[in-house]
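# What the coordinates show
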Amino acid sequence: MRCERCDQADRLPVRRAKVAEKQGRVAVVLGVPMEECPACGERWLDWDVARRLDDLLTELLAAGAEVATRHFDGTSEAA
Ligand SMILES: [Zn+2]
């Protein structure tokens, strides 16, 4: 699908890490599926992905570790 932001390239499916920070704690979710424009770098998340990502980040931040990491597909990893 053409990027509607820059109109220079097609959006590509990629996997990227997403990071959230709250009160000095950092949560990282790896391998989040999304689309990205290789020209301008704009990213798009599906609604379902965004909702699950939000749940994961909230869960990680609530766990109490200074840095918490997990993979979007479900395997937790020690940071
Ligand atoms: Zn673009």
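The structure displayed is predicted, hence computed values, not measured ones. (Residues numbered from 1 in each chain as written. Predicted model: local features only at pLDDT ≥ 70, side-chain atom pairs only at ≥ 80, totals over all residues. Heavy atoms only, no water.)

Here we take up the overall build of the protein. Counting its regular elements, the protein contains 1 helix and 5 strands. In the protein, the order of α-helices and β-strands from amino to carboxyl end is β-β-β-α-β-β. Counting only C-alpha atoms and orienting by the principal axes, one finds that the protein spans roughly 45 × 25 × 20 Å. Within the protein, the proportion of its 79 residues that are buried is 30%. When contacts within the protein are restricted to residue pairs at least 6 apart in sequence, those whose partners lie at least 24 apart make up 44%. Surface summary for the protein: the accessible area is close to 5300 Å², and the carbon and sulfur share equals 47%. (Helix = DSSP H or I, 4+ residues; strand = E, 2+ residues; numbered from the N terminus. Buried < 20%, exposed > 50% of the residue type's maximum accessible area, 1.4 Å probe, protein only. Contact = heavy atoms within 4.5 Å. Areas by Shrake-Rupley, 256 points an atom, 1.4 Å probe, with all protein chains shown as cover.)

Spanning 16 residues, helix H1 (residues 47-62) covers 23 Å between terminal C-alpha atoms, matching the ideal 22 Å at 1.5 Å per step. By the burial criterion, the buried members of H1 are Val 49, Leu 53, Leu 56, Leu 57, Leu 60 and Leu 61. When H1 is viewed along its axis, its buried side chains cluster within an angular range of 125° and face the same direction. Among the exposed residues of H1, those pointing more than 90 degrees away from its buried face are Trp 47, Asp 48 and Ala 62. In the core, the buried residues of H1 are packed alongside strand S1 (12-22), strand S2 (25-36) and strand S4 (67-71). (Expected span 1.5 Å × (residues − 1). Arc of directions from axis to C-beta.)

Treat this as a map of the structure, not an account of what it does.
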